[in-house]
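# Descriptive analysis of the structure
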Amino acid sequence: MPKSKRNRPVTLSKTKKKGREHKESIVNSIRNAAETYSSAYVFSFENMRNLKFKEFREKLKSSSRFFLGSNKVMQVSLGRSVSDEIQPGIHKVSKLLRGDTGLFFTNLPKEEVERLFREYEEYDFARTGTSATEKVELMEGPLDQFTHEMEPFLRKQGMPVRLNKGVVELVSDFVVCEEGKPLSPESARILRLLGMKMATFRLHLICRWSPEDFELYREGPDDSDIESA
């Protein structure tokens, strides 16, 4: 009797899961970087933008290497204590890999690294849930920046608009967002249409390690025991 083809599981995704081999590859790459480069830094980031970060990484690839991903994997790579650390004192770096953080290995002088991170800023449109940096209010009257084809879309975003002789017009004042309050999906779309960028992608140094010393730049989560470790 032929086998039934009913209820046969079908895999729709062709993407392979990142398993043990992938993790081992990252661990080996980080350990190799710790031996190759003269210093290592932990950095945090806010309003991450992948494309902007890729550009920053490319600019420094001849002298440095970045790692972003699972904090746990990066911690294991470096060692979490004196007993399993791969370089003297580097377990202190491991303790600061919490939350939105990454690793930066480099041969650049300390002063150059500090300058690069301090000066780096990229502005972009804020996403849903981001806190507004200012109040944005549109006054009643014509909205000359929008074409008449935009009127239905603007209305869907909650804006009290109408067409008046082919010109988009606000029939009453409209508050797009309030300072300090999270942006709704509609507010984020309107701000993008207005060309207002409220998100700033920044990188902050947390600590620096070299075989000779360890320096803490700013407080990180759960780092109260770093110096005594």
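Quick look at the structure, then.

Criteria and thresholds
- Residues numbered from 1 in each chain as written.
- Predicted model: local features only at pLDDT ≥ 70, side-chain atom pairs only at ≥ 80, totals over all residues.
- Heavy atoms only, no water.
- Helix = DSSP H or I, 4+ residues; strand = E, 2+ residues; numbered from the N terminus.
- Buried < 20%, exposed > 50% of the residue type's maximum accessible area, 1.4 Å probe, protein only.
- Contact = heavy atoms within 4.5 Å.
- Areas by Shrake-Rupley, 256 points an atom, 1.4 Å probe, with all protein chains shown as cover.
- Salt bridge = Lys/Arg side-chain N within 4 Å of Asp/Glu carboxyl O.
- Pairing = 2+ DSSP bridges.
- Phe/Tyr/Trp six-rings, centres within 6.5 Å; stacked < 30°, edge-to-face > 60°.
- 1 Å grid on protein atoms, 1.4 Å probe; cavity = no way out; pocket = protein on both sides within 12 Å on 5 of 7 lines; lining within 4 Å.
- Points joined across faces, edges and corners; volume = space filled by probe spheres on them.
- Arc of directions from axis to C-beta.

### Concerning the overall build of the chain
Counting secondary structure elements, the chain contains seven helices and eleven strands. Considering the chain as a whole, with its 229 residues, one finds that 40% of them fall into the buried category. Counting contacts in the chain only where the partners sit at least 6 residues apart, residues at least 24 apart contribute 74% of the total. Summing over all exposed atoms, the chain offers an accessible surface of approximately 14,400 Å²; the carbon and sulfur share of this is 47%.

### Here we look at the pattern of salt bridges
Counted by the stated rule, this structure contains 13 salt bridges. A salt bridge links glutamate 112 to arginine 115, with the nearest nitrogen and oxygen atoms 2.8 Å apart. On the criterion of helical spacing, the pair formed by glutamate 112 and arginine 115 is a turn pair, its members being three residues apart in helix α5 (residues 110-119). One salt bridge connects arginine 202 with glutamate 121, and the closest N-O pair in it is separated by 3.0 Å. You can see arginine 202 sitting in strand β10 (residues 199-209) and its partner glutamate 121 sitting in the loop between α5 and β4 (122-124), a full 81 residues away along the chain. In this structure, a network of salt bridges that share partners links the residues Glu46, Glu121 and Arg202.

### A word on the pairing of strand β3 (residues 101-106)
Counted residue by residue, β3 has six buried out of six residues, so it is predominantly covered. Both faces of β3 are covered, namely the face carrying Thr101, Leu103 and Phe105 and the face carrying Gly102, Phe104 and Thr106. The sheet contact formed by strand β1 (residues 39-46) and β3 spans six bridges and is antiparallel. Pairing of serine 44 across the sheet is with threonine 101, part of β3. By the bridge criterion, four bridges tie strand β2 (residues 64-67) to β3 in an arrangement that is antiparallel. Pairing of phenylalanine 67 across the sheet is with leucine 103, part of β3.

### Some details on the packing of aromatic side chains
Applying the stated criterion to the full structure yields 13 aromatic pairs. A network of ring pairs unites the aromatic residues Tyr41, Phe43, Phe53, Phe56, Phe66, Phe104, Phe117, Tyr120, Phe201 and Tyr217 as a single cluster.

### Some points on the layout of surface pockets
Of the voids in this model, the largest pocket is the one considered here, and its volume is about 210 Å³. Every residue lining the largest pocket is counted, 14 residues in all, and those nearest its centre are His22, Ile26, Leu68, Gly69 and Val73. Listing elements by their share of the lining of the largest pocket, those giving two or more residues are α1 (20-36), β2 and α3 (71-78). When residues in the lining of the largest pocket are grouped by element, the largest group, five residues, is from α1.

### Quick notes on α5
Among the residues of α5, Val113, Glu114, Leu116 and Phe117 are the ones counted as buried. The arc that holds every buried residue of α5, seen down its axis, measures 165 degrees, which confines them to one face. More than 90 degrees from the buried face of α5, the exposed residues found are Glu111, Arg118 and Glu119. Contact partners of the buried residues in α5: β1, α2 (50-59), β2, β3 and β10.

### So, the environment of glutamate 212
The residue glutamate 212 is located in the loop between β10 and β11 (214-216) in this model. Of the residues examined, glutamate 212 reaches a relative accessible area of 68% and is grouped as exposed. Spatially, the C-alpha atoms of glutamate 212 and serine 39 are 9.4 Å apart, while their sequence positions differ by 173 residues.

### Comments concerning the pairing of strand β8 (residues 167-170)
It is a general feature of regular strands that their side chains alternate between the two faces of the sheet. Two elements, strand β6 (residues 141-142) and β8, share two bridges in a ladder whose sense is antiparallel. Bridging across to β8, proline 142 finds its partner in glutamate 169. Note: strand β7 (residues 161-164) against β8, four bridges, orientation antiparallel. Considered in β8, the bridge of arginine 162 is made with glutamate 169. Hairpin remark: β7 followed by β8, antiparallel, with two residues in the connecting loop; positive phi at lysine 165, about 55 degrees.

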